[in-house]
Amino acid sequence: MRIGILGAGNMAGALGAQWVRAGHEVFVGGRDEGRAAALAGRIGAVGHGPLRAAVEFGDGAVLHALPYAVGADVAAGLADVLRGRVLIDCSNPVGEGFALLTRGAESAAERLAVAAPGARVVKAFNLCHDSVWRLAPPVFDGRRLAVPVCGDDEDALGVVRALVRDIGCVPYEAGGLGRAGLMEATAALLIGLWVGEGVDAQAIVPPVGLVVAGEAGVAGEPG
């Protein structure tokens, strides 16, 4: 598969390197072409250049690995070439104090979809630090890491599920793109616990066998 990457930071490098190892052709596009060139060399990408060139290359998928603050503006500027492309958003709108910057508004992924209405946006890969995505494969206590994915286009979801499996992980269905905000809010909570409090956030989730359908508490119901 031909994958274009928007960005030359840590997430771009971690996921890009995994997909290169899996046999995909990867092209790194950056706002700073020097950084894009350096990253392409480190991960074995087939090429590098400006952001537009990466989108044009990525007829299989495009990874949006840019900061939330610039994401929608960049997508709007590339809307013509993003039309029809599978656009994977791994960004997290998390600010100072681990606050969710999109509270009460569209999720980061939905903002991309509005900015580039022809793109097929899928939210994925936003719940873990780049160091986790560098593991080959990410396996903990004998269990492969699960990766929630959400989007509205079934073909695009199929592409992203395959890319999740290619790095040794298991895709979990997280619903339509309207649920991307839940994934981003989850990231804000987990980052606050992991980084802010220095605690094991995984410990907040009970084993699945203890969660009985119909008995779990829901909003508005007494515990």
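Residues numbered from 1 in each chain as written. Predicted model: local features only at pLDDT ≥ 70, side-chain atom pairs only at ≥ 80, totals over all residues. Heavy atoms only, no water.

We now examine the environment of Leu78. Inspection of the secondary structure puts Leu78 in the loop between helix H4 (68-77) and helix H5 (79-82). What makes Leu78 buried here is its relative accessible area of 6%. Sequence separation between Leu78 and Ala116 is 38 residues; the distance between their C-alpha atoms is 7.3 Å. Setting aside its immediate chain neighbours within four residues, Leu78 contacts Leu6, Leu51, Arg52 and Val55. (Helix = DSSP H or I, 4+ residues; strand = E, 2+ residues; numbered from the N terminus. Buried < 20%, exposed > 50% of the residue type's maximum accessible area, 1.4 Å probe, protein only. Contact = heavy atoms within 4.5 Å.)

For Val160, the position within the fold is in helix H8 (residues 154-166). Between the C-alpha atom of Val160 and that of Val149, which follows or precedes it by 11 residues, the distance is 7.7 Å. Setting aside residues up to four positions removed in sequence, Val160 forms contacts with Val86, Ile88, Val122, Ala124, Phe125 and Val149.

We now examine the environment of Leu163. Of note, Leu163 is situated in helix H8. The exposure class assigned to Leu163 is buried, which follows from its relative accessible area of 0%. The spatial distance from the C-alpha of Leu163 to the C-alpha of Gln18 is 9.5 Å, given a sequence separation of 145 residues.

The subject of this paragraph is the pairing of strand E5 (residues 86-89). Side-chain alternation along E5 places Val86 and Ile88 on one buried face and Leu87 and Asp89 on a second face that is also buried. Bridge count for strand E4 (residues 61-64) against E5 is three bridges, and the pairing is parallel. Within the sheet, the bridge partner assigned to Val62 lies in E5 and is Leu87. By the bridge criterion, four bridges tie E5 to strand E6 (residues 120-123) in an arrangement that is parallel. (Pairing = 2+ DSSP bridges.)

Moving on to the pattern of salt bridges. Taken as a whole and judged by the stated rule, the model has eight salt bridges. A salt bridge links Asp89 to Lys123; the nearest nitrogen and oxygen atoms lie 2.8 Å apart. Here Asp89 is found in strand E5, whereas its partner Lys123 is found in strand E6, with 34 residues between them in sequence. Exposure class is identical for Asp89 and Lys123. Each is buried. Here Glu184 and Lys123 are joined by a salt bridge, their closest N and O atoms 2.8 Å apart. (Salt bridge = Lys/Arg side-chain N within 4 Å of Asp/Glu carboxyl O.)

This part is about the sheet that holds strand E1 (residues 2-6). Taking strand neighbours across the sheet as the criterion, the eight strands line up as E3-E2-E1-E4-E5-E6-E9-E10 in an open arrangement whose pairing is mixed. The two strands at the open ends of the sheet, each matched to only one other strand, are strand E3 (47-49) and strand E10 (170-173). Neighbour to neighbour, the strand axes of the sheet diverge by 25° on average, direction disregarded. Relative to E3, helix H2 (residues 33-43) is tilted by about 170°, and along the sheet it contacts strand E2 (25-29) and E3. Against the sheet, helix H6 (residues 108-115) engages E4, E5 and E6, with an angle of about 175° to E6. (Axes fitted to C-alpha atoms, helices over the stretch in contact; angles between N-to-C directions.)

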